[in-house]
Each structure stands twice: as structure tokens, then as C-alpha cells.
Amino acid sequence: MIADVLNPMQYNITEVMPSVAPATAASVVVLIFLLILIWNYEETSSIPGPCYYLGLGPLISYSRFLFTGIGTASNYYNNMYGEFVRVWINGEETLIISRSSATCHVMKHGHYVSRFGSKLGLQCIGMNENGIIFNSNPTLWKVIRPFFNKALSGPGLLQTTEHCINSTKHFLAKLSDVTDDLGKVNVLKLMRLIMLDTSNKLFLSVPLDENDIVVKIQKYFDAWQALLLKPDIFFKISWLYKKYEKSANDLKEAVEILIEQKRRELSTSDKLDENIDFATELILAQNHGDLTAENVNQSILEMLIAAPDTMSVSLYFMLILIAQHPITEEKIRKEINTVVGDREVQSSDLQNLKVLENFICESMRYQPVVDLVMRKALEDDIIDGYYVKKGTNIILNLGRMHRVEFFPKPNEFSLDNFEKTV
């Protein structure tokens with residue numbers, strides 16, 4: 001009975017197979033054809049860069065950014081493919097540019113005012129659609145930017161020289177606080193303390209514990225660097241990101257206390273100073289309903305952290321370069337003695353310190369602290385002949401750009417690089 005049942009089934013299968021096989025083969029051929037089309041579509045970009053390889057290319061490029069860091073990965077791809085490179089970060093097309101003409105185009109056009117980065121990572125440190133450094137909301141960014149412009153170019157900034165001199169004297173008198181048991185000075189911490197004090201006097205003007213805030217700023221920057229490009233899945237595992245979130249919250253809470261202190265001072269003040277500072281401008285804007293408290297707090301935080309990080313590290317590198325180049329040091333000392341002499345330096349002296357100015361420019365070219373700028377294209381565009389789609393991420397590799405164009409000795413530290421206007 002079983003044989004009788006199976007025989008017709010076997011007969012039916014063998015009858016069906018000849019008709020099924022061509023259909024299956026045709027489906028496989030169509031699938032392969034579609035894959036080839038996708039492959040070829042991804043490879044038609046005129047911008048140099050790694051191949052797509054059915055998704056393997058984006059995975060490799062993103063992994064390189066995650067494990068080696070943004071700067072190292074950007075230099076790798078620029079060295080490998082040239083000044084204009086297409087890669088992928090978290091599945092999104094990203095251009096790495098180290099050509100000055102293209103960099104100038106991006107920095108001067110209004111449809112590149114948005115930043116890119118992990119939304120969850122930026123939320124974790126308070127920068128997502130807040131502040132100015134990595135605010136990816138162009139409308140809000142344009143509202144906040146004038147406050148920063150005024151603070152960094154207005155009459156209040158004329159006090160910078162005086163504040164720097166006073167802060168430097170103050171912390172040099174307390175040098176033992178940054179000196180270890182062997183008599184070695186922690187120069188980077190010294191620079192951070194001086195710059196935080198100067199920044200506070202210029203932009204916030206409330207008493208603070210510089211040592212405590214400097215430590216919190218360093219941890220905040222560590223969190224920022226760690227979270228900036230992390231994939232969303234990273235934030236599903238709390239123990240991976242909680243320590244970074246805590247570092248960010250520690251600084252935010254400390255700054256909020258300082259801002260609340262500033263608010264109380266303003267509420268009890270009979271009249272405002274003629275040149276009101278950055279924090280006062282923002283608090284008044286919030287009182288008029290132009291800004292939220294969250295945005296005010298983040299903007300003041302970012303203004304306070306910028307100097308202790310970028311300025312102090314720049315100065316630290318300059319001190320190292322002076323130590324490594326005694327002839328340059330002697331030129332600077334001779335110029336200062338000629339222009340300033342034994343009196344205290346004044347703002348008006350700066351225009352006459354040409355050797356010092358060249359040294360500062362060359363130091364920032366040779367050893368930049370901010371060597372990358374990250375943007376997102378808000379509109380379709382053409383940059384140096386390359387078509388750039390709306391939504392494309394852009395990394396401007398300024399550090400490499402400074403080593404490849406315009407300078408007579410691009411790979412050397414030399415004041416000759418700024419003898420002529422660049």
C-alpha cells in the first residue's frame with residue numbers, strides 16, 4: 001500500500017522538477033543581476049574612496065573610525081585616496097576633505113552649518129540641539145551664534161590681556177599646587193587653570209574652584225570623544241555609557257550651580273555694567289523668552305570649556321616647541337625685550353610682535369589642537385567639481401591640509417612658513 005502511494009508521488013515530483021528547475025534558475029540569475037546592479041550603482045561615484053563591496057566597505061570604514069579615532073582614520077583615507085575621499089560612517093556617506101579650496105567653500109556657505117555625530121551620544125553630553133559646538137539644529141544654531149560672535153569680538157574682549165596677566169601671576173604664585181614631590185610642574189594643568197580663570201572673568205564672572213572644574217572638564221571631553229560616533233546599539237547597554245553620562249552630568253551640574261549664582265547676582269543688582277558679559281546676555285535673552293534655560297546653560301558651559309581645552313593645549317604645544325627650538329626662543333625673547341622691555345605687556349604691543357605672531361601661527365599650523373571640522377550638507381551642492389548630495393557628512397581635515405599646500409617647508413616647524421602672508 002505504501003509503495004502504491006509513493007509511486008504516484010515520485011512520479012508527480014519527477015514530473016514537476018523539469019518545470020520548477022528553470023524557474024528557480026531564473027530567480028537566481030535575477031537575484032545575481034540585482035546584486036551586480038547594486039554593486040555597480042554604489043561604485044559609480046566619481047569621488048575616490050574604498051569600494052562598497054556589498055556593504056563590507058561601509059562596515060570597514062566605520063570600524064576604522066571607531067577603533068583608531070577620527071583624526072587617524074581621516075589621515076589614513078586622505079593618504080590612501082587623495083584630498084577628496086568618500087567613506088561611510090554608521091552607514092552614512094561621508095566626505096573627508098583636505099583641499100583648501102573645498103574647505104573654504106564648505107566653511108563659507110550657509111548650507112553647511114549643521115554638524116553630524118551620534119544623536120544619542122550628543123544627547124548624553126547635552127550637545128544635541130543645544131549650545132553651538134555640535135548643535136545640529138541650524139535654526140537654533142543661528143539664534144545662538146550672535147551671542148558667541150559678540151562675546152568673542154566685542155569691547156569686553158579688550159580686557160583679555162589684563163585678565164591673562166593677572167591670572168598668570170596668580171597661578172605662578174601658587175606653583176606648588178601643580179608641582180609634584182620630585183619638583184616637576186604639571187604645565188598642562190597650569191595652563192588649564194590660567195585659561196579657565198581668564199575665561200571665567202571674561203564670560204561668566206563668578207567665584208569658582210578652578211581645580212575642581214578643570215578635572216570635570218577633562219572628564220567631559222573624554223566622554224565627548226568616546227561617544228561622538230558610537231552606534232545606537234552602544235546606548236542599549238547601560239554599563240558601556242553610564243560612566244560617560246556621569247562625567248557629563250557632573251560638569252553640567254557644577255556649571256548650573258555657577259549660573260544660578262550669576263542669576264541671583266543679576267536679580268539683586270541695581271544696574272548692569274556698561275559692557276555686559278556673555279552669561280548676562282544669555283540670561284537676559286532667556287528672561288525675554290528667546291532661549292530656554294537648557295540652551296543658556298549649555299552655551300555657557302561650552303564657552304567655559306573651550307578655553308581650558310583648546311587654548312591651554314595650544315599653549316602647552318607652543319612651550320614644547322620653544323623648548324625644542326632654542327634659536328626661535330632667542331628671537332622671541334629679543335623681540336619682546338625690544339618692544340616691551342621691562343614694563344608690563346599691553347594689548348597695543350601685540351601688533352609689533354611680528355616674530356611672536358609668526359611663531360603662534362606656525363605652532364598652530366604644525367601642531368593644531370582642532371585639526372578637524374565636522375559638518376553635514378543641508379542641500380545638494382557641487383564642491384570642486386564633485387556632486388555632493390543633501391545629508392552627506394563632511395570632515396574637513398585641516399591638520400593634513402596645513403601640511404600639503406602653500407607652505408615652503410610644510411613638514412617642518414619653521415617661522416619661514418609665515419614670512420609671507422598665507
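Quick note: structure is the one above.
I will try to describe carefully the structure that is included in this document. Since this is a predicted model, take the numbers as computed values, not measurements.

Each value, and the rule that gives it
- Residues numbered from 1 in each chain as written.
- Predicted model: local features only at pLDDT ≥ 70, side-chain atom pairs only at ≥ 80, totals over all residues.
- Heavy atoms only, no water.
- Salt bridge = Lys/Arg side-chain N within 4 Å of Asp/Glu carboxyl O.
- Buried < 20%, exposed > 50% of the residue type's maximum accessible area, 1.4 Å probe, protein only.
- Helix = DSSP H or I, 4+ residues; strand = E, 2+ residues; numbered from the N terminus.
- Pairing = 2+ DSSP bridges.
- Expected span 1.5 Å × (residues − 1).
- Arc of directions from axis to C-beta.
- Contact = heavy atoms within 4.5 Å.
- 1 Å grid on protein atoms, 1.4 Å probe; cavity = no way out; pocket = protein on both sides within 12 Å on 5 of 7 lines; lining within 4 Å.
- Points joined across faces, edges and corners; volume = space filled by probe spheres on them.
- Nonpolar A, V, L, I, M, F, W, Y, C, P; charged D, E, K, R; others polar.
- Axes fitted to C-alpha atoms, helices over the stretch in contact; angles between N-to-C directions.

**Some remarks on the pattern of salt bridges**
In this structure the tally under the stated criterion is 16 salt bridges. With its nearest N and O atoms 3.5 Å apart, the salt bridge here joins E93 to R86. Relative accessible area serves as the criterion here: at 23%, E93 is assigned to the partly exposed category. Overall, the relative accessible area of 3% leaves R86 in the buried class.

**Observations regarding the pairing of strand β1 (residues 84–89)**
Every regular strand shows the same layout, with side chains that alternate between the two sheet faces. The element β1 is largely enclosed, with a buried count of 6 among its 6 residues. On β1, burial covers both faces: F84, R86 and W88 on one face and V85, V87 and I89 on the other are all buried. Both β1 and strand β2 (residues 92–97) contribute to a ladder of 6 bridges, which runs antiparallel. Across the sheet, the residue bridging to I89 is E92, located in β2.

**Describing helix α13 (residues 326–339)**
Along its 14 residues, α13 runs 20 Å from first to last C-alpha, staying within 8% of the 20 Å computed at 1.5 Å per residue. Every buried residue of α13 is accounted for by T328, I332 and E335. In an axial view of α13, the angular spread of the buried residues amounts to 65°, which keeps them on one side of the axis. The outward face of α13, more than 90 degrees from its buried face, is lined by the exposed residues P326, I327, K334, N337 and T338. Check the buried side of α13 and you find it contacts α12 (293–324) and α14 (354–366). A positive phi of about 70° marks G341, the residue just after α13.

**Some points on the layout of surface pockets**
Estimates place the volume of the second largest pocket at around 490 Å³. Around the second largest pocket, the lining comprises 26 residues; the ones closest to its centre are L202, N275, I276, D277 and F278. Listing elements by their share of the lining of the second largest pocket, those giving two or more residues are α6 (138–151), α8 (187–203), α10 (238–268) and α11 (278–287). Of the residues that constitute the lining of the second largest pocket, the class distribution is 10 nonpolar, 7 polar and 9 charged.

**Focus on the sheet that holds strand β6 (residues 393–397)**
Across the sheet, which stays open at both edges, the 4 strands sit in the order β1-β2-β6-β3 with mixed pairing between neighbours. Among the strands making up the open sheet, the edge pair consists of β1 and β3 (372–376). The average angle at which neighbouring strand axes cross in this sheet is 25°, direction not considered. When β2 meets β6, the two strands line up parallel, connected through 4 bridges. Following the sheet pairing, I96 is matched in β6 by I395. This element, helix α2 (residues 56–68), spans β1, β2 and β6 of the sheet and lies at about 90° to β1.

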